[in-house]
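# Structural characterization, general
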Amino acid sequence: TDCSGMADFRFKNPVRAQYVKMELQHTYERMLLDEIDIIGHTNLETVEGLTDPTPCDKPGIKEPHVEIPRPEVSLEARFPENAAPESLNGYQKPSESTGGIHDLVLLYNQHYKEGTGDYTVEKLYPYLAYLDREGNAVDTMFDGVLFLALNSNRWSNNNGTEVWRTFYTSGAPAEKLDFEWYLKKTFGEGGDMDALQETAELVAKDLNRSDYKVKTFIMAPIPPTDLGMGSRQVALEWYLNEVLSLFNEKNYSRVELSGLYILEEAITGGHQGLVQQIVDFAHTNGLKTCWIPYFGASGVAEEIWRTLGIDVVAYQPNSYFYDVNSGERLRETARQASSKNIGVEIENGPEAITRWDSFEKAIDYLDASVLYNFQGENAFRAYYQWVLGYERYCDPGKEDETFIPGTPAYERGRQIYESTYRMMQGTLKLSNRNMPKTPVVESVGGNAITLKAQQGYEYSKDGVHWQTDNVFKGLASNTDYSFWQRIAETDMHNASLISDVVQVRTGEETLEHNY
């Protein structure tokens, strides 16, 4: 059964099968697997609801989301020891060396069965424009876009197992045909770069910014083989020339090529010569080079990027993906980045909308930007969000149509999106992780409803617009209304998440009930 793209998949009923095959595709050079449990039955007569295996209708099918209460959590518990922000001021800052980019979002435009790596204006718009809760563009968002891919659209047979053709030095090596596929997908007619240009045109129009441009980096993989050209150096030179030529042919008015991204996340001795070739090519053609190493990667402690002349580096904390103390890892990442004069990567994924543990980790990064001084102009930032993370955060209804304003999933997504924007602006405050109390109705009239006032709270009847007054007037009689409350923003903290909803029906025009 092919269930790729489905998180935490479980069969509804036991399935009749004699053998189980599992394929694990990952993006790391090493993956440790402790054990796999496959629970079976020896006596089929005792199994209730047994079914024959059937394929998933489509990869994106999901079970209805089941919301669970938020586990108790505090900022102090997440960050037990905090460094003084003023001591962390050595990050690489947005400048000429970063290509003028402040916030570079990674957009994976590789092949996915679901087509999530194929970019359109609709997908790209919430990345380039910051949208309010009513979908209106009010400002720009990410000023840099990095297109990169880990695999092509082809499989390779590896001893009876199908694996993707990959552009990095693990997995089944990509061939020239795969590189050509990627170049066409990125620069071809109606491709991803055309979509970026069209989106930038729309953003310029909607924001009335005649001078608006978005900057972009394009991946520069280390060829896994010589691609049939005699040497990897010749193959790399061919690919780099193709990128530059194809981009220049487009003559985009709203997209500026800022540089090349070194796809390998660790620089080993065997790769240094090819990385140097990428750097030299970029500098010869007036471009920058970017590297985003994982935590503890080869080349970080040794500061190999300085020797090679790499222009901009963002260090990955990786605490979003692993069972580590998030606060400690983020503090150590910040300490190393500040001491080495490099930037920081922000990491999250669409699962943060539906899962509290992922949400808390995503918020940890944002709180760390305040605690460790890498928000605003203080640091260059790259953003890993798997695919379509921020598009989903902006409008969580795209993840699930039941995620509407007032639902916990919607509020989680919007808090990440809105807090990320404020971090970019340098105005983010620490999160308030306390869950607000459910509103209590104090009185109901024909045209007004009064909620019980709570110190430090604010109130809403649509989950979007908020007021400090606990009295809602001008309501229609004999009409159902929904109300929420939250802990209001303070000098130190952002507003909390939204409370559970309380639903109330107004009375007759002149009737009033006191509770």
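Bear in mind that the values here come from a model prediction, so they are computed numbers and not experimental data.

### A short note on the sheet that holds strand E16 (residues 457-460)
- With respect to topology, three strands assemble into an open sheet ordered E16-E18-E19, the strand pairing being antiparallel. Both edges of this open sheet fall to E16 and strand E19 (502-505), since each of them pairs with a single strand only. On average, each strand axis in the sheet is tilted by 30° relative to the strand beside it, whichever way the strands run.
- Sheet analysis places strand E18 (residues 480-487) next to E19, joined by four bridges and oriented antiparallel.

### Quick word on the confidence of the model for the protein
- Per-residue pLDDT for the protein has a mean of 89; in total, 86% of the residues score no lower than 70.
- Confidence drops under a pLDDT of 50 for residues 1-10, and excluding neighbours within four residues, the segment shows 18 contacts in the predicted structure.

### Regarding the pairing of strand E1 (residues 103-108)
- Of all six residues making up E1, six are buried, and the element is well covered by its neighbours.
- Two elements, E1 and strand E13 (residues 381-384), share three bridges in a ladder whose sense is parallel. Counterpart to leucine 104 in the pairing with E13 is alanine 382.
- Inspection of the sheet shows E1 paired to strand E4 (residues 144-148) by five bridges, in the parallel sense. Along E4, the bridge assignment pairs leucine 104 with glycine 144.

### Brief notes about helix H8 (residues 326-340)
- Taking 1.5 Å per residue as the helical rise, H8 with its 15 residues ought to reach 21 Å, and the 21 Å between its terminal C-alpha atoms agrees with that figure.
- Those residues of H8 that sit buried are Ser326, Gly327, Arg329, Leu330, Thr333, Ala334, Gln336, Ala337, Ser338 and Lys340.
- Contacts from the buried residues of H8 go to helix H1 (75-78), helix H7 (304-308), strand E11 (312-315), strand E12 (343-347) and helix H9 (356-371).
- Between the side-chain oxygen at the start of H8 and the backbone nitrogen of glycine 327 there is a gap of 3.2 Å, and the oxygen is on asparagine 325.
- Two residues or fewer after H8 comes asparagine 341, characterised by a positive phi angle close to 60°.

### Re the packing of helix H5 (residues 232-250) against helix H6 (residues 272-284)
- As a packed pair, H5 and H6 sit with axes 11 Å apart at the nearest point and diverge in direction by 30°. Put simply, H5 runs roughly parallel to H6. For the element pair H5 and H6, the recorded crossing hand is right-handed. Across the interface between the two elements, Arg232, Gln233, Leu236, Glu237, Leu240, Asn241 and Leu244 from H5 touch Leu274, Gln277, Ile278 and Phe281 from H6.

### Digging into the sheet that holds E1
- Read around the barrel, eight strands follow the order E1-E4-E8-E9-E10-E11-E12-E13 and close on themselves; strand pairing throughout is parallel. Pairs of neighbouring strands in the sheet enclose a mean axial angle of 30°, with direction left out of account.

### Some points on the packing of aromatic side chains
- Taken as a whole, this structure holds 28 aromatic pairs when the rule is applied.
- With a centroid separation of 5.3 Å and an interplanar angle of 50°, the aromatic rings of tyrosine 108 and tryptophan 386 are classed as tilted. Residue tyrosine 108 is located in strand E1, and its partner tryptophan 386 is located in the loop between E13 and helix H10 (389-394); the two are separated by 278 residues in the primary sequence.
- Judged by relative accessible area, which is 4%, tyrosine 108 ranks as buried.
- The exposure class of tryptophan 386 is partly exposed, given its relative accessible area of 29%.

### Re the nonpolar core
- Tyr239, Ile310 and Tyr372 are the most contacted members of the largest nonpolar core, which totals 126 residues.
- Not counting residues up to four positions away in its chain, the partners in contact with isoleucine 310 are Ile262, Ile267, Val275, Val279, Thr289, Cys290, Trp291 and Trp305.
- The next biggest cluster of nonpolar side chains, apart from the first, holds 13 residues, and it includes Ile449, Leu451, Tyr459 and Leu475.

### Focus on H6
- The end-to-end C-alpha distance of H6, which contains 13 residues, comes to 18 Å, matching closely the 18 Å that a straight helix rising 1.5 Å per residue would cover.
- Of the surrounding secondary structure, the elements contacted by the buried residues of H6 are strand E8 (214-220), H5, strand E9 (255-262), strand E10 (288-291) and H7.

### Brief notes about the environment of arginine 331
- Note that arginine 331 resides in helix H8.
- Residue arginine 331 is classed as partly exposed on the basis of its relative accessible area of 22%.
- Distance in space between the C-alpha atoms of arginine 331 and tyrosine 372 is 7.1 Å, their sequence separation being 41 residues.

Definitions and limits used
Residues numbered from 1 in each chain as written. Predicted model: local features only at pLDDT ≥ 70, side-chain atom pairs only at ≥ 80, totals over all residues. Heavy atoms only, no water. Pairing = 2+ DSSP bridges. Helix = DSSP H or I, 4+ residues; strand = E, 2+ residues; numbered from the N terminus. Axes fitted to C-alpha atoms, helices over the stretch in contact; angles between N-to-C directions. pLDDT = per-residue confidence, 0-100. Contact = heavy atoms within 4.5 Å. Buried < 20%, exposed > 50% of the residue type's maximum accessible area, 1.4 Å probe, protein only. Expected span 1.5 Å × (residues − 1). Polar contact = N/O pair within 3.5 Å; in protein donor to acceptor, adjacent residues only side chain to side chain. Parallel < 35°, antiparallel > 145°, perpendicular 65-115°, else oblique. Left-handed = near helix turned anticlockwise from the far one by under 90°. Phe/Tyr/Trp six-rings, centres within 6.5 Å; stacked < 30°, edge-to-face > 60°. Core = buried A, V, L, I, M, F, W, Y, C linked by side-chain atoms within 4.5 Å.

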